[in-house]
Amino acid sequence: MSLFIQRMFDGLAEGSIYALLALALVVIFRSTGQLNFAQGEIGTLCAFFASTFTLSGLPVWVAILLAMAIGFLIAAFVERVVVRPIEDRNPGAVIVALIGVFLAVNQLSAMFWGVDARSLPSLFPTNADSFFRIGDAAIRWERVGIIGVLAVVVVLLFLLFNRTKIGLAMRAVANNQESSNLVGIRVGNILILGWGLAGAIGALAAVMLAPSAGLTGTLMLGPFLYASVAAVLGGLDSPVGAVVGGLLIGLLKAFLIGYVDFLSDMLFPVMLVVLLSVLLFRPAGLFGTEKVERV
Amino acid sequence: MSDVHHEGDSVTLDDGEVEMATEVVSGKSAGGLPVFTPQHGALHWLGRVLVFALPLAYLLMRVFGVTGIVGGGWSNSGLGLLADAFIIAIAVMGVNLITGYTGQLSIGHSAFFAIGAYTGLVLTQGRVSTPFFGDENVWDPGWTIPVAAALCFLVGCVVGLPALRLKGIYLALTTLVFVEAVRSILKYEKFEDVTGGATGIKGDKYTPPEYVFDFFGIKLPTGLDGRADLNQWMIYLSLALLLFIMLMVSGIMRSRIGRAMVATRDNELAAEVMGVNLSVIKTVAFGLSGAITGIGGALFGLKLGLVDADVPLFGLFGAITLLVAMVVGGAAQNWGPMVGAVFYVFVNEIARSIGEAPADYEAVFTITLIVLVVVVMVVVARYVMQHRNDIRANVSNGAWKAVLVVVGSMSALVAAGVMLLGISDGGKLDGLGGVIFGVLLILFARFVPFGAVGTFRIFRSRFVQIIPKPPSESRAAKAPEGVQVQGR
């Protein structure tokens, strides 16, 4: 039982990372209908920046905030310079361009920081004795901290979307760009803001993951795949779905590794099966809206 | 056969799509320019080989230190690169079929490449029992190629069917996960007997046959010296297969299935109304494209003689590589994959040699910084020039915006400079090739949507006059009464 609880917290912490990344994907998908393939890589680049900042003596939380700001700028830049000019002319080519961003950003980090693993200190205590007990199960504070970060982000996003004017404008743009334009919303600025927000969330996910997973250029490749499966599972247009999907995928992964021995090396095939069955049986995902196409 | 045709704002450009509607006349155009007469058939193909493939091959051989064409003086690494280029071109043909012609973006074709390579080596090493074929399970290398194609076709159909029922990003996403899934399966320890697990398969290299064919005593020798001339043989084999596949694809594109594929890409709804079964067409296209890429993979495995799941071309970056080659060469262009693949191999080799050599980093970074400064200055100057009236009159806070743009660009420049000079503590230029290809992908997506070959064709079409067939008399006569046939 104690092992079960421990694994559950492992899964929830891992799932929180996926949920953050999935949230970032969903925020962008809702506003532009694009899946940002470069999301994970932008996060990795920001984590490298954060590691450089901490090396130069800044406190961890300042480094993380700076990294999030850089993530915001990079993603906003990508929207304005790469995505928008193509989207107007050739919507199909946007994914190709985003894959180009993926490759360029990934290799940029290899170019500047090399291929050896870097260290990034954690925001939370990671000593050998920094855990608490539920019954017999030892729960590390780091895991609880990551889950807490997800909770804070979710609350902040909820407040932003539902309690502020900018959030209202963002929802309006997600719903109907042309009408939003007609009522005086500056759609372009809102799109940039949405992408920037997603970039910051992605950077946060990367700096949360880096201390335990080791900071290399491939840091976010796997998590990005898990997160995109999570986003599809939850429904690509549903923030709630992203969080639930991310946590579910994290739990699934932890329990597969823990309890199903013969599948512990076969996580990606399992993810493929999950993805294909979602697409077959419930293409809109658990919380997504069924798409009704008007001809 | 030049065929630029306009649909509203977007322009589609396809091989062999418009011949039915247009007729190319020879002679002199109205402006007095000579007009080419494209012919279809053997001569036409021979012409294309002469025009494109041979000069390209010759250029590459010269660049990579191949001095003679026959006999000695071949640079083995140069030959290997050329063989790689043709093999990758075959794989890119597959991507082109599903992404270029059918319009379904796949970022997972390196999985088929891996499956093909493994199939070739598993069969030639006799790692699975095949009761009716092969000499005690050990297959002749040549016969593994069709098996790889068939296997990839099946896998493609199974994976494609659920994903292709939906549009756009879902297939891209599924194929992305598919690559990693295939790699995990190939590494899986329970299948170690067949796939070799994490260490992969270390086999012998393919030994080129002594005779091209040996038919009832009629023998045509290849003149190759066994395994030493492997690269040379792989060039012949892969170029022959590449040309065959190009011929096949151009045939498919003229067939009912091919037209259905193009129709699916251009307008799914219209295609469905016209009686195209979308999921069948997409699945068949995906399976076929997988099969073609699998052929490339089999050749790759046979040439290399050893495979493991961590070969770069088998993973996510391999898939992106194939996409880069397709986009650079030109989507939906039959000659695009060859041009793109040769370009890729060529540039990749240069970038790799720069990355490996003990480069003068300061010089590299200084040059990069200078380029960045110039780019930023041009951007700022352009912005200011475009909005100079707004700025002067302070319309809609034009002056503030200009200040914002200038300050933003300058801070970006400072950040880039800090990054370039401060962070690179003796790092290698490892990612140079990747950065180049990533930026190329972005630039081509925006500025060169038809790729190198497509752009060349547009350029050429200035000199070739296409005269549309007049609407035929009989069609007008058959129109039901009361319907006005619009005359031109």
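Reading guide: rules and limits
- Residues numbered from 1 in each chain as written.
- Chains lettered and ligands numbered in written order.
- Predicted model: local features only at pLDDT ≥ 70, side-chain atom pairs only at ≥ 80, totals over all residues.
- Helix = DSSP H or I, 4+ residues; strand = E, 2+ residues; numbered from the N terminus.
- Rg over C-alpha atoms; globule rule 2.2 N^0.38 Å.
- Contact = placed C-beta atoms within 7 Å.
- Axes fitted to C-alpha atoms, helices over the stretch in contact; angles between N-to-C directions.
- Parallel < 35°, antiparallel > 145°, perpendicular 65-115°, else oblique.
- pLDDT = per-residue confidence, 0-100.
- Expected span 1.5 Å × (residues − 1).
- Buried ≥ 20, exposed ≤ 12 C-beta atoms within 10 Å, placed from the backbone.
- Left-handed = near helix turned anticlockwise from the far one by under 90°.
- Nonpolar A, V, L, I, M, F, W, Y, C, P; charged D, E, K, R; others polar.
- Pairing = 2+ DSSP bridges.

Draft legend 1. Representation of the overall build of chain A in the model. Within chain A, the regular secondary structure consists of 11 helices and 2 strands. Start at the N end of chain A and walk to the C end: the helices and strands fall as α-α-α-α-β-β-α-α-α-α-α-α-α. A compact globule built from 295 residues should have a C-alpha radius of gyration of about 19 Å, and chain A, at 19 Å, falls within 12% of that. Projected onto its principal axes, the C-alpha positions of chain A cover 60 × 50 × 35 Å.

Draft legend 2. Spotlight on the overall build of chain B. Along its length, chain B carries 18 helices and 10 strands. Put simply, of all contacts in chain B between residues at least 6 apart along the chain, 72% involve residues at least 24 apart.

Draft legend 3. A look at the packing of helix α3 (residues 109–124) of chain B against helix α5 (residues 169–187) of chain B. Residues and elements named next belong to chain B. One way to put it is that α3 packs onto α5 with a least axis distance of 8 Å and a crossing angle of 25°. With respect to each other, α3 and α5 are oriented roughly parallel. Touching Ser110, Ala111, Ala114, Ile115 and Tyr118 of α3 are Phe178, Val179, Val182, Arg183 and Leu186, all from α5.

Draft legend 4. Focus on the confidence of the model for chain B. All names here are of chain B. The share of residues in chain B with pLDDT of 70 or more is 66%, and the mean pLDDT across the chain is 75. Of all helices and strands in chain B, the one with the weakest mean pLDDT is strand β3 (residues 22–24) (40), whereas helix α10 (residues 278–304) scores best (93). Confidence drops under a pLDDT of 50 for residues 16–39, and excluding neighbours within four residues, the segment shows 36 contacts in the predicted structure. In the predicted structure, residues 66–74 sits below a pLDDT of 50 and forms 10 contacts with residues beyond four places in sequence or in another chain. If you check the scores for this complex, the pTM reads 0.83 and the ipTM reads 0.91.

Draft legend 5. Quick peek at helix α2 (residues 39–55) of chain A. Residue and element names in this part refer to chain A. Spanning 17 residues, α2 covers 25 Å between terminal C-alpha atoms, matching the ideal 24 Å at 1.5 Å per step. Here α2 lies mainly inside the structure; 16 of its 17 residues are buried. Gly57, located one to two residues past α2, shows a positive phi value of around 100°.

Draft legend 6. Representation of the packing of α3 of chain B against helix α11 (residues 316–329) of chain B in the model. All names here are of chain B. Their axes nearest at 7 Å, the elements α3 and α11 cross at an angle of 110°. Classified by the angle their axes make, α3 and α11 are roughly perpendicular. Once α3 is placed against α11, the crossing between them reads as right-handed. Residues His109, Ser110 and Phe113 of α3 form the contact with α11, whose participating residues are Gly318, Ala319 and Leu322. Residues that form the contact of α3 with α11 fall into these classes: 3 nonpolar, 3 polar and no charged.

Draft legend 7. Broad picture of the pairing of strand β1 (residues 131–134) of chain A. Residues and elements named next belong to chain A. Two elements, β1 and strand β2 (residues 137–140), share 4 bridges in a ladder whose sense is antiparallel. Residue pairing in the sheet places Phe132 in a bridge with Ile139 of β2. Hairpin connection between β1 and β2: a loop of 2 residues separates the two successive antiparallel strands, and Gly135 in this loop has a positive phi of roughly 65°.

Draft legend 8. Up close: unusual backbone geometry. Of note in this structure, Ala332 of chain B is not a glycine but carries a positive phi near 60°. Mapped onto the elements, Ala332 of chain B comes out in the loop between α11 and α12 (336–356).

Draft legend 9. Quick peek at the environment of Ser130 of chain A. Residues and elements named next belong to chain A. Locating Ser130 in the fold gives a position in the loop between α4 (93–113) and β1. Between the C-alpha atom of Ser130 and that of Ile190, which follows or precedes it by 60 residues, the distance is 42 Å. Beyond its immediate stretch of four places on either side in the chain, Ser130 contacts Pro125, Arg140 and Trp141.

Draft legend 10. Region of interest: the interface of chain B and chain A. Listed by partner, the interface residues are 45 residues for chain B and 43 residues for chain A. Where the side of chain B that touches chain A is concerned, the elements lending two or more residues are α4 (141–164), α5, α11, α15 (398–423) and α16 (432–447) of chain B. In terms of residue count, the dominant contributor to the side of chain B that touches chain A is α5 of chain B (12 residues). Residues that form the side of chain B that touches chain A fall into these classes: 31 nonpolar, 8 polar and 6 charged.

Draft legend 11. Inspection of the environment of Phe158 of chain A at higher detail. Take Phe158 of chain A: it is sitting in helix α5 (residues 141–163). Between the C-alpha atom of Phe158 of chain A and that of Ser16 of chain A, which follows or precedes it by 142 residues, the distance is 16 Å.

Draft legend 12. Looking closely at the confidence of the model for chain A. On average, residues of chain A score 88 in pLDDT, and 98% of them are at 70 or above. Within chain A, the element-level pLDDT minimum falls on β1 of chain A, averaging 80, and the maximum on helix α9 (residues 221–234) of chain A, averaging 94.

Draft legend 13. Geometry of the environment of Met234 of chain B. Residues and elements named next belong to chain B. Along the chain, Met234 turns up in helix α7 (residues 230–254). Under the C-beta neighbour-count criterion, Met234 is labelled buried, with 25 such atoms within 10 Å. For the pair formed by Met234 and Leu79, sequence separation is 155 residues and the distance between their alpha carbons is 8.9 Å. Sequence-distant contacts of Met234, that is, excluding residues within four places in its chain, are made with Ala83, Leu299 and Lys303.

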